[in-house]
Amino acid sequence: MYYFIVNYRGGSGRGAKAWKDIRGILKEKHVEYHAWKTKGLGHATKLAAAIVSRYGSRENPIRLVVVGGDGTINEVLNGIPHFGWVHLGVIPTGSGNDFVRGHGLQRKRIPALLSILEAEEPVRVDLGMVSADGGTPRLFGISSGIGLDAEVCRKALLSKQKKLFNSFGLGKLTYLVLTVESLFTLHTTGGRVIYDGDAENVLRMRRLIFLSGMNLSWEGGGVPMAPKSSVTDGRISTCVADGIPKWKTFLELPVLVIGKQKWLRGFTLRDGATIDIETDEPVVMHVDGEYGGMVRRIHMETLPGKLRLLK
């Protein structure tokens, strides 16, 4: 038995088309399944909690399949009450699809479905967890961050440009356009980053452009923020851009896009099992591309092997 959570209206129509194709193959192969369609923001979290609690158990984990983009995947992750009761599959229909890219999953819906149906044992992979200003912790599968990339994510959620680009299958251009647009209006701030709770392992920031805490290598529709990040090493990889003039940051964006930022002055790549961030002024935060509010104190940590993923 397979249990599907479907973002039917997502991806500018891709969700509906994908589900039509998926249902046809399930019927053709005589696969038993239950399916639920999301009804709006946050509904996938409630569905995941209810499905796992009702049908799952430690002795008989269920095969839960998400049909949606990175935002829907994040909602499902944050709804799962017992990760030992779930083997998760993903059929991507979003514009960025960094989760499937980072895990090396099939990026086309039919091959993705067939891969899930043929999978025998799941693979254990890490998840990240972030909390800010003493608030409720949230899980992330891809990344969490502050500064420019978070501001871009916030704008993308409401962007008419994203809807337009998605209609032509060019969703990735949204992030590039919004990055350039946001860079020159971004308010920078100072602060510090403490790695592994070690007072000797501190990164000081003067004019923060962005900090990305990466569970995977890519975010923002395929930008390799942390090219050497591993999803099985129990660590979060950070990419920090600080103290760089905005005009110079603009010129260096192509280097970031090809993952060569380690050679650039002002970029720092460092990792840790825990990351604590303190900023002098409130900054915008994102969690897997979803708006996380204006914050000043952020704690990130890895949950090693937390997720059982069907590949």
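Engineer: Tell me what's going on with the pattern of salt bridges, and back it up with residues and numbers.
Structural biologist: If the charged atoms of two oppositely charged side chains come close together, the side chains can form a pair. Across all of its chains, the model carries 6 salt bridges by this definition. One salt bridge in this structure joins Asp196 and Arg235, with 3.2 Å as the shortest N-O distance. One end of the pair, Asp196, is in the loop between strand 8 (191-195) and strand 9 (202-205); the other, Arg235, is in the loop between strand 12 (223-224) and strand 13 (236-242), with 39 residues separating them in the sequence. Of the residues examined, Arg235 reaches a relative accessible area of 27% and is grouped as partly exposed. The closest approach of N and O atoms between Arg235 and Asp271, which form a salt bridge, is 3.3 Å. Pair noted here: Arg235 is in the loop between strand 12 and strand 13 and Asp271 is in strand 14 (residues 267-272), with a separation of 36 residues, a long-range link.

Engineer: Residues and numbers for helix 3 (residues 70-77), please.
Structural biologist: Burial within helix 3 is extensive, with 8 of its 8 residues counted as buried. Within helix 3 the residues assigned to the buried category are Asp70, Gly71, Thr72, Ile73, Asn74, Glu75, Val76 and Leu77.

Engineer: Outline the nonpolar core, supporting the account with residue identities and numerical values.
Structural biologist: Of all hydrophobic cores here, the largest spans 31 residues; its most connected members are Ile5, Leu64, Val76, Val86, Leu88, Phe99 and Leu307. Mapped by element, the contributors of at least two residues to this core are strand 1 (2-6), helix 2 (43-55), strand 3 (62-68), helix 3, strand 4 (86-92), helix 4 (98-103), strand 5 (123-132) and strand 16 (290-309). No other element matches helix 2, which puts 5 residues into this core. With residues near it in sequence (within four places) discarded, Leu307 still touches Leu77, Phe83, Leu88, Phe99, Val123, Arg124, Val125 and Leu127. The next biggest cluster of nonpolar side chains, apart from the first, holds 20 residues, and it includes Met205, Ile236, Val240 and Ile277.

Engineer: Quick one: what's the story with the packing of helix 2 against helix 3, residue by residue and with numbers?
Structural biologist: Across the interface, helix 2 lies against helix 3 with an axial gap of 7 Å and an inter-helix angle of 40°. Here helix 3 runs oblique to helix 2, going by the angle between their axes. The interaxial crossing formed by helix 2 with helix 3 has right-handed handedness. Seen from helix 2, the contacting residues are His43, Ala44, Thr45 and Ala48; seen from helix 3, they are Thr72, Glu75 and Val76. Each residue belonging to the contact of helix 2 with helix 3 can be placed in one class, and the counts come to 3 nonpolar, 3 polar and 1 charged.

Engineer: So, the packing of aromatic side chains: which residues are in play, and what are the values?
Structural biologist: Taken as a whole, this structure holds 8 aromatic pairs when the rule is applied. When the centroid spacing of 5.9 Å and the interplanar angle of 85° are considered together, the rings of Phe4 and Tyr33 count as edge-to-face. Taken as a pair, Phe4 in strand 1 and Tyr33 in strand 2 (residues 33-37) lie far apart in primary sequence, 29 residues in all. When its relative accessible area of 0% is taken as the criterion, Phe4 is described as buried. Overall, Tyr33 belongs to the partly exposed group, its relative accessible area being 30%. Ring geometry for Phe184 against Phe250: centres 5.8 Å apart, planes inclined by 50°, an arrangement best described as tilted. Within this pair, whereas Phe184 is found in the loop between helix 8 (172-183) and strand 8, its partner Phe250 is found in helix 9 (residues 246-257), the two being separated by 66 residues in sequence. Residue class for Phe250 comes out partly exposed when judged on its relative accessible area of 35%. Note that Lys37 overlies the ring of Tyr8, its terminal NZ or CZ placed 3.8 Å from the centroid.

Engineer: Give me the packing of helix 1 (residues 14-28) against helix 5 (residues 109-118): which residues, what numbers.
Structural biologist: At a closest axis distance of 10 Å, the pairing of helix 1 and helix 5 adopts a crossing angle of 40°. Considered as vectors, helix 1 and helix 5 are oriented oblique to each other. The two elements helix 1 and helix 5 cross, and the hand of that crossing is right-handed. For the pair helix 1 and helix 5, the contacting residues are Lys17, Ala18, Asp21, Ile22, Ile25 and Leu26 in the first and Arg109, Ile110, Leu113, Leu114 and Leu117 in the second.

Engineer: Now, about the side chain of Asp288: what can you tell me, with residues and values included?
Structural biologist: Relative to the elements of secondary structure, Asp288 occurs in the loop between strand 15 (274-287) and strand 16. In this structure Asp288 is buried but unpaired, with Arg138 as the nearest side chain of opposite charge at 7.8 Å. A distance of 2.8 Å separates a polar atom in the side chain of Asp288 from the backbone nitrogen of Ile142. With residues near it in sequence (within four places) discarded, Asp288 still touches Asn74, Phe140, Gly141, Ile142 and Ser143.

Engineer: So, the pairing of strand 15: which residues are in play, and what are the values?
Structural biologist: Relative to strand 15, strand 7 (residues 143-147) runs antiparallel, the two being bridged by 3 bridges. Note on strand 15: the bridge partner recorded for Ser144 is Val287. Sheet analysis places strand 8 next to strand 15, joined by 5 bridges and oriented antiparallel. Residue pairing in the sheet places Tyr195 in a bridge with Ile275 of strand 15. Two elements, strand 15 and strand 16, share 9 bridges in a ladder whose sense is antiparallel. Paired with Thr274 across the two strands is Glu301, which belongs to strand 16. From the end of strand 15 to the start of strand 16, which pair antiparallel, there are 2 residues, and Asp288 there has a positive phi angle of about 50°.

About the thresholds
Residues numbered from 1 in each chain as written. Predicted model: local features only at pLDDT ≥ 70, side-chain atom pairs only at ≥ 80, totals over all residues. Heavy atoms only, no water. Salt bridge = Lys/Arg side-chain N within 4 Å of Asp/Glu carboxyl O. Helix = DSSP H or I, 4+ residues; strand = E, 2+ residues; numbered from the N terminus. Buried < 20%, exposed > 50% of the residue type's maximum accessible area, 1.4 Å probe, protein only. Core = buried A, V, L, I, M, F, W, Y, C linked by side-chain atoms within 4.5 Å. Contact = heavy atoms within 4.5 Å. Axes fitted to C-alpha atoms, helices over the stretch in contact; angles between N-to-C directions. Parallel < 35°, antiparallel > 145°, perpendicular 65-115°, else oblique. Left-handed = near helix turned anticlockwise from the far one by under 90°. Nonpolar A, V, L, I, M, F, W, Y, C, P; charged D, E, K, R; others polar. Phe/Tyr/Trp six-rings, centres within 6.5 Å; stacked < 30°, edge-to-face > 60°. Lys NZ or Arg CZ within 6 Å of the ring centre and 35° of its normal. Lys, Arg positive; Asp, Glu negative; His and termini not counted. Polar contact = N/O pair within 3.5 Å; in protein donor to acceptor, adjacent residues only side chain to side chain. Pairing = 2+ DSSP bridges.

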